[in-house]
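Residue-level listing of the chains:
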Amino acid sequence: MDDINLQYRFLNWRRRRIRDIGEVRAVRVQERYKRMLKDGDILSYQGNSDEVGCYVAPYPFSKGNCYFEVTILDTGVRGTIAVGLVPQGYKLDHQPGWLPHSIAYHADDGKLYNGNPVGQQFGPKCNRGDRIGCGIYLEPSEAGLTTVFFTKNGKEVGSAVVPVSAEGLFPSVGMHSLGEEVKVDLQAEWAMPEDDSRMMVDGQEDEWGRLYDVRVSNTLLEYVGKGRSIADVGLAQARRPLTTRCHYFEVEIIDAGEKCYIALGLARRDYPKNRHPGWSRGSVAYHADDGQIFHGSGAGDAFGPRCVEGDVMGCGIMFPRDYILDDEDDIEEDLDPLEGAEKGGFQNVLYQNGGEEEEEEEEEGDEMERGNGSRKVVAFFTRNGKLMGRRQVAVPPGGLYPTIGMLSSGEKVKVDLHPLSG
């Protein structure tokens, strides 16, 4: 009996020892920075402008802490301030976003650097007094990937899907010229603002993930942008992608506005906010004003008739029967390919022809189709319940999201994201 008690005490001591070691290790994780002076939450560049200064937070993002903000106190000589996320052990002589598995929004040029020293146009430049925020969405994503978004002065600029290493993503700030100084808030909180350019759906907050220059009232979307140039696109993107359970949506044109520059289609989650769906890679859309289809290009192809006030435009996906979504563990139950919708008599063509029909009209140069091993589906479009045509598209990480674009004064549409349910 004494031997048993001794062994029991030894096991308890060992458990406490392992727990204490784990706690000590957690405490020993420290913030890292180079060529910077840190005074509380103030960071200032201390290099000679030939070398990068970089700061990495002491802990990665988690469910309870998934957003931080940086306020620019001084842009210094060049304003080369970067805000983003990096893996543990990131090299402190490189700006965030320059090396693989890192991503950052750069204030001096408004570009997004996503694991590459060459950036892509992303948002506006940032100046003294501006707040740059960075966070991650907590919604389930493809294994090993997460969606990172950036904000400027509390308004979302855009997002991108990035890989996540086992140790997670750490908040990071980079600087590269004399006089640069920022204030870092690692405990900042961000909520989607409600203003004229970005509003939540009344009573349907879960339906929309991104809204720009669009006012929403229940199911009615109204364009409130300037409508002076192609940079004034108003964009509405659903919060959830199409799936084999919810594979089709419809838009009724309530008011065609000045020019009926209305488009509906599918786009990747990080689709640019100032681009009509279909214009940029990772998207396909049917445009009401000219009846053309745009597939990852600013040049459209003849597709169907123009649409006017009162018309109902629809868009959906025909998934292959063996298609399994990233966030679904269970095999999707088969749907009747002839099941009718209650609106417009449109038939459910989810599995029509087994999803095996190939479309020869797809653009060979479309970057959306270039990914190695990318899964492909067939997108289809309707007008007043009649099928207009199809286009084969590749599915980007995270799926294809219902997306609506508008671009002229007075345009209003009524959206039904679930017309085949009920």
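Residues numbered from 1 in each chain as written. Predicted model: local features only at pLDDT ≥ 70, side-chain atom pairs only at ≥ 80, totals over all residues. Heavy atoms only, no water.

## A few points about the sheet that holds strand β5 (residues 67–75)
For step 1, the next point in the chain: Across the sheet, which stays open at both edges, the seven strands sit in the order β2-β3-β14-β5-β10-β11-β12 with antiparallel pairing between neighbours. The strands lining the two open edges of the sheet, one partner per strand, are β2 (36–39) and β12 (155–163). Averaged over all pairs of adjacent strands, the angle between strand axes in this sheet comes to 20°, irrespective of strand direction.
For step 2, the next point in the chain: Pairing of β5 with strand β10 (residues 131–136), which is carried by five bridges, proceeds in the antiparallel orientation. Paired with valine 70 across the bridge in β10 is isoleucine 132. (Pairing = 2+ DSSP bridges. Helix = DSSP H or I, 4+ residues; strand = E, 2+ residues; numbered from the N terminus. Axes fitted to C-alpha atoms, helices over the stretch in contact; angles between N-to-C directions.)

## Considerations on the pairing of strand β4 (residues 53–56)
For step 1, the next point in the chain: Residues of β4 alternate between two faces, with Gly53 and Tyr55 on one and Cys54 and Val56 on the opposite face, all of them buried.
For step 2, the next point in the chain: Bridge count between strand β1 (residues 32–34) and β4: three bridges; the pairing is antiparallel. Each bridged residue has a counterpart across the sheet, and for tyrosine 33 the counterpart in β4 is tyrosine 55. (Buried < 20%, exposed > 50% of the residue type's maximum accessible area, 1.4 Å probe, protein only.)

## Let's talk about unusual backbone geometry
Generally, phi is negative for residues other than glycine and the peptide bonds are trans, each holding for most cases.
For step 1, the next point in the chain: The phi torsion at arginine 35 lies on the positive side, around 60°, for a residue other than glycine.
For step 2, the next point in the chain: Inspection of the secondary structure assignment puts arginine 35 in the loop between β1 and β2.
For step 3, the next point in the chain: At asparagine 218, a position not held by glycine, the phi torsion is positive, near 60°.
For step 4, the next point in the chain: With respect to the helices, strands and loops of the structure, asparagine 218 is situated in the loop between β16 (214–217) and β17 (220–223).
For step 5, the next point in the chain: Residue classification places asparagine 218 among the partly exposed positions, given a relative accessible area of 38%.

## Section: the sheet that holds strand β19 (residues 248–256)
For step 1, the next point in the chain: Across the sheet, seven strands lie side by side as β16-β17-β28-β19-β24-β25-β26; this open sheet has antiparallel pairing. Every interior strand has two partners, whereas the edge strands, β16 and β26 (386–394), have only one. Between one strand axis and the next, the sheet turns by 25° as a mean value, whatever way the strands run.
For step 2, the next point in the chain: Inspection of the sheet shows strand β25 (residues 376–383) paired to β26 by eight bridges, in the antiparallel sense.

## Some details on the packing of aromatic side chains
For step 1, the next point in the chain: On inspection of all chains with the given rule, the structure shows 13 aromatic pairs.
For step 2, the next point in the chain: Seen from their ring centres, tyrosine 105 and phenylalanine 122 are 5.6 Å apart, and the 75° between their planes marks the pair as edge-to-face. Taken together, the residues tyrosine 105 in strand β7 (residues 103–106) and phenylalanine 122 in the loop between β9 (120–121) and β10 connect sequence positions 17 residues apart.
For step 3, the next point in the chain: Looking at phenylalanine 122, the relative accessible area reads 18%, which means it is buried.
For step 4, the next point in the chain: Taking NZ or CZ as reference, arginine 269 lies 4.0 Å from the ring centre of tyrosine 137, over its face. (Phe/Tyr/Trp six-rings, centres within 6.5 Å; stacked < 30°, edge-to-face > 60°. Lys NZ or Arg CZ within 6 Å of the ring centre and 35° of its normal.)

## Here we look at the confidence of the model for the protein chain
For step 1, the next point in the chain: For the protein chain, per-residue confidence averages 81 on the pLDDT scale, and residues scoring 70 or more make up 76% of the total.
For step 2, the next point in the chain: Every residue in residues 18–28 scores below 50 in pLDDT, and together they form zero contacts with partners more than four places removed in sequence or on other chains.
For step 3, the next point in the chain: Throughout residues 326–373 the model reports pLDDT below 50, and contacts reaching past four residues in sequence, or to other chains, amount to 91 contacts. (pLDDT = per-residue confidence, 0-100. Contact = heavy atoms within 4.5 Å.)

## Thoughts on the nonpolar core
For step 1, the next point in the chain: If you look at the biggest cluster of nonpolar residues, it comprises 47 residues, and the most contacted ones within it are Trp208, Leu221, Leu266 and Ile404.
For step 2, the next point in the chain: The biggest single contributor to this core is β19, with four residues.
For step 3, the next point in the chain: Non-local contacts of leucine 221, meaning those with residues more than four positions away in its chain, are made with Trp208, Val214, Arg215, Val216, Ala236, Ile404, Met406, Glu411, Lys412, Val413 and Val415.
For step 4, the next point in the chain: Within the second largest apolar cluster, 33 residues are counted, among which are Leu43, Tyr55, Ile81 and Val182. (Core = buried A, V, L, I, M, F, W, Y, C linked by side-chain atoms within 4.5 Å.)

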